[in-house]
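One-letter residues, chain by chain:
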Amino acid sequence: MGSTGTVLRELRGAQKSAKGVSLYSRYVNRPAGRVLAAGACRAGMTPHQVTLASALFTYGALAAVALVEPSWTLAVLVYAALVVGFALDSADGQLARLTGRGGPDGEWLDHVVDCGKLLLVHTAVLVSFYRFGQLPSDAWLLLPLGFQLAAVVTFCAGLLREQLGRAAVSARGPSWAVPAAPASRTRAVALLPADYGVFCLVFLLLGAPGAFRTGYAVLAVVHTLFLAAFLAKWFRELKALRAG
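### Remarks on helix α4 (residues 72–99)
When the terminal C-alpha atoms of α4 are compared, their 40 Å separation across 28 residues agrees well with the 40 Å that a helix rising 1.5 Å per residue should span. Once α4 finishes, G100 follows within two positions and takes phi at roughly 70°, a positive value.

See below:
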């Protein structure tokens, strides 16, 4: 393998489409993942190892949220670890495409880690609320459960939409497929509130429990609205595939 600069140039040509990706993922997370993928490549790491490193940073940060009393120091450390974990989540796929070592096993492992992340992040907030939150009302304990429901349903429904759509196109032949629309900057901006990287920003408020609760609640409402919009869109698309 060549120099780091050479690897970075090759990685730029191994990027996924920007369609359906928010500005944060396009201009922050993917470039950060590209640098980490180049470093991992130079270090001889496999995509699986990068995925597990992502899990280590992310799950470690969320364990700290649940077990350590909130403070500004914890806020910075948790946010930094979550950002690195998210960038590594991008790096594993980039490394796999660069080295030709991608496959269903790697995709499966990546999705397992992502699913665990979605469950753990809101469970950690729930535990933190219960242990340290000094909540105005016990009803606040329902908020992480509702947010978790919205996040997991969005994740699973999106995967099913993708797989069922591919199956329908495969059954009808490639000539039946609708050409992919170009990436839209307006859509990339609109998707920012639903981006995991933007969600991680709320953990910078851990040092001020009241502000953290408010920010977390706002994001929960936003993600629930996005879920409703996504479900309606995906249902219409799958219905059109069946009718077509």
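### A short note on the packing of aromatic side chains
If you walk through the whole model with that rule in mind, you get 13 aromatic pairs. The structure contains a cluster of three or more aromatic residues connected by ring pairs, namely Y24, F86, F129, F147, Y196, F199, F203, F212 and Y216. The ring of Y196 has K117 lying over it, and the distance from NZ or CZ to the ring centre is 4.2 Å. Over the ring of W140 we find R213; its NZ or CZ atom is 5.6 Å from the centre of that ring.

### Examining the pattern of salt bridges
Applying the stated criterion to the full structure yields five salt bridges. K117 is paired through a salt bridge with D89; the nearest N and O atoms lie 3.8 Å apart. Here K117, found in helix α5 (residues 104–132), pairs with D89, found in helix α4; they are 28 residues apart in sequence, far enough to count as distant. One exposure class covers both K117 and D89, and it is buried. The partner of E237 in a salt bridge is R161, with the nearest N and O atoms 2.7 Å apart. Here the residue E237 occupies a position in helix α9 (residues 209–243), and R161 occupies one in helix α6 (residues 142–172), the gap between them amounting to 76 residues. Because the salt bridges share partners, they merge into one network encompassing D89, D114 and K117.

### Observations regarding the packing of α4 against α5
The contact between α4 and α5 brings their axes to 11 Å, and the two run at 165°. Regarding the angle of α4 to α5, the classification is roughly antiparallel. Between α4 and α5 lies a crossing of left-handed hand. Touching F86, D89 and D92 of α4 are D110, D114 and K117, all from α5. Of the residues assigned to the contact of α4 with α5, the class counts are one nonpolar, no polar and five charged.

### Structural notes on the confidence of the model for the protein
Put simply, the protein has an average pLDDT of 87, and 86% of its residues get 70 or more. Taken element by element, the protein is modelled with least confidence in helix α1 (residues 4–12), mean pLDDT 58, and with most confidence in helix α3 (residues 47–67), mean pLDDT 97.

### So, unusual backbone geometry
What is expected of a backbone is that most residues other than glycine have negative phi and most peptide bonds are trans. Unlike most non-glycine residues, Q134 shows phi in positive territory, near 45°. With respect to the secondary-structure elements, Q134 resides in the loop between α5 and α6.

### Here's the deal with the side chain of D89
Judged by its relative accessible area of 14%, D89 is buried. The residues contacting D89, other than those within four sequence positions of it, are S54, D110, D114 and K117.

### Quick notes on the state of the cysteines
One pass over the full model with this rule turns up zero disulfides. The cysteine C156 is free of any disulfide, with C115 supplying the nearest cysteine sulfur at 5.5 Å. Given a relative accessible area of 35%, C156 falls into the partly exposed group.

### What to know about the nonpolar core
Taken as a class, soluble globular proteins show a tendency for nonpolar side chains to be buried jointly. V78, L82, F199, F203, L206, F212 and Y216 are the most contacted members of the largest nonpolar core, which totals 32 residues. Among the elements of the structure, α3, α4, α5, α6, α8 (196–200) and α9 are those that each provide at least two residues to this core. Of all the elements, α4 adds the most residues to this core, at seven residues. Those residues in contact with Y216 that lie beyond four places of it in its chain are H122, V125, F129, L143, P144, F147, F199 and V202. Counting eight residues, the second largest nonpolar core, distinct from the first, contains A37, C41, L88 and A91.

Rules used in this analysis
- Residues numbered from 1 in each chain as written.
- Predicted model: local features only at pLDDT ≥ 70, side-chain atom pairs only at ≥ 80, totals over all residues.
- Heavy atoms only, no water.
- Helix = DSSP H or I, 4+ residues; strand = E, 2+ residues; numbered from the N terminus.
- Expected span 1.5 Å × (residues − 1).
- Phe/Tyr/Trp six-rings, centres within 6.5 Å; stacked < 30°, edge-to-face > 60°.
- Lys NZ or Arg CZ within 6 Å of the ring centre and 35° of its normal.
- Salt bridge = Lys/Arg side-chain N within 4 Å of Asp/Glu carboxyl O.
- Buried < 20%, exposed > 50% of the residue type's maximum accessible area, 1.4 Å probe, protein only.
- Axes fitted to C-alpha atoms, helices over the stretch in contact; angles between N-to-C directions.
- Parallel < 35°, antiparallel > 145°, perpendicular 65-115°, else oblique.
- Left-handed = near helix turned anticlockwise from the far one by under 90°.
- Contact = heavy atoms within 4.5 Å.
- Nonpolar A, V, L, I, M, F, W, Y, C, P; charged D, E, K, R; others polar.
- pLDDT = per-residue confidence, 0-100.
- Disulfide = S-S within 2.5 Å.
- Core = buried A, V, L, I, M, F, W, Y, C linked by side-chain atoms within 4.5 Å.

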